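# What the coordinates show
The primary structure of each chain is shown beneath.
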Amino acid sequence: MYWPGNYKHNCSVRLPSGTLNGQGVGALAKMRYGLSTLAHSGCGTLAVYNALVALGRPEPLPKIIRELELYAESFFGLLGTIPFFLEIYFRRHRVPLHITFSYRKTFRSRYAVVAYWTKRPLFSGAHVVFLERLEQGGYRVYNRYSNRAVPYDLLSAKELTTRARFIVGYSYRP
């Protein structure tokens, strides 16, 4: 659904440059997504934003939010972004992130967007993050938690999620 008031409001929020973390912290928490806020429902939009920044193709966050509100928000944005619909955004903008249901392919990729259940599959909330595989091993995860404004460094994929909780991934293929 189109929310013109959200776009106008979101454009008035001043954001730092570069990757963004902590959707519930600072200026990010004030942004709107559907009938909700970025603090409550914005992990998918931040994952897309951070992926574009890492790939050297940054787009303004309000513009990403406006587009995802049209076709990817779930229940007027109150339940966040439908992770399978991120494929539409990546295809429309020719972003080299491709949908995969393979846990292994997702975590072997240099860059990835990962959607996973936070606790018990189907009975808990889901979360979407952007991650970068580090050259020295491990991963850097952006927006892992909504209350921390810096990325997390992890030694293994299992520190983020397990195969059983994995929903879908988008792996980088240049």
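Refer to the preceding data block for the structure.
First, a word on what this report is: a plain description of the structure on this page. Predicted model only: the values in this text are computed from it and were never measured. (Residues numbered from 1 in each chain as written. Predicted model: local features only at pLDDT ≥ 70, side-chain atom pairs only at ≥ 80, totals over all residues. Heavy atoms only, no water.)

Right, let's get into the pairing of strand β8 (residues 166–172). Within β8, six of the seven residues are buried, which leaves it mostly tucked inside the rest of the structure. In this sheet, β8 lies alongside strand β3 (residues 97–100) in antiparallel orientation, the contact comprising four bridges. When the sheet's bridge partners are listed, His98 is paired in β8 with Ser171. In this structure, strand β4 (residues 111–117) lies alongside β8, joined through five bridges in antiparallel fashion. From the neighbouring strand, Ala112 faces β8, where its bridge partner is Ser171. (Buried < 20%, exposed > 50% of the residue type's maximum accessible area, 1.4 Å probe, protein only. Helix = DSSP H or I, 4+ residues; strand = E, 2+ residues; numbered from the N terminus. Pairing = 2+ DSSP bridges.)

Moving on to the sheet that holds β4. Taking strand neighbours across the sheet as the criterion, the six strands line up as β3-β8-β4-β5-β6-β7 in an open arrangement whose pairing is antiparallel. With partners counted over all chains shown, the strands left at the sheet margins are β3 and β7 (152–154), one partner each. Geometrically, the sheet is characterised by an average inter-axis angle of 25° between neighbouring strands, direction not taken into account. One ladder, built from four bridges, connects strand β5 (residues 126–133) with strand β6 (residues 139–142); its direction is antiparallel. By the bridge assignment for β6, Arg133 is matched with Tyr139. (Axes fitted to C-alpha atoms, helices over the stretch in contact; angles between N-to-C directions.)

Moving on, we get to the packing of helix α4 (residues 43–54) against helix α5 (residues 61–71). Where α4 meets α5, the axes come as close as 10 Å, and the angle between the chain directions of the two elements is 130°. The angle between α4 and α5 falls in the class oblique. Of the two elements, α4 crosses α5, and the hand of that crossing is right-handed. Across from Thr45, Leu46, Val48, Tyr49 and Leu52 in α4, the residues of α5 making contact are Leu61, Ile64, Ile65 and Leu68. In terms of residue class, the contact of α4 with α5 is built from eight nonpolar, one polar and no charged. (Parallel < 35°, antiparallel > 145°, perpendicular 65-115°, else oblique. Left-handed = near helix turned anticlockwise from the far one by under 90°. Contact = heavy atoms within 4.5 Å. Nonpolar A, V, L, I, M, F, W, Y, C, P; charged D, E, K, R; others polar.)

Turning our attention to the side chain of Thr100. Here Thr100 shows up in strand β3. Thr100 has contacts with Lys105, Thr106, Phe166, Val168, Gly169, Tyr170 and Ser171, leaving out every residue within four places of it along the chain.

Another aspect to go through is the pairing of β5. Most of β5 sits inside the fold, with six of its eight residues counted as buried. By the bridge criterion, seven bridges tie β4 to β5 in an arrangement that is antiparallel. When the bridges of β5 are listed, Ala115 appears paired with Val128. In this antiparallel pair of consecutive strands, β5 and β6, the connection spans five residues, and Gly137 shows a positive phi of 100°.

The next subject is the packing of aromatic side chains. What the rule picks out here adds up to eleven aromatic pairs. Ring plane angle 55° and centroid distance 5.7 Å describe the contact between Phe75 and Phe76, whose orientation is recorded as tilted. Residue placement shows Arg144 over the ring face of Tyr152; its charged tip is 5.4 Å from the ring centre. Over the face of the ring belonging to Tyr152 we find Arg148, whose NZ or CZ atom lies 4.0 Å from the ring centre. (Phe/Tyr/Trp six-rings, centres within 6.5 Å; stacked < 30°, edge-to-face > 60°. Lys NZ or Arg CZ within 6 Å of the ring centre and 35° of its normal.)

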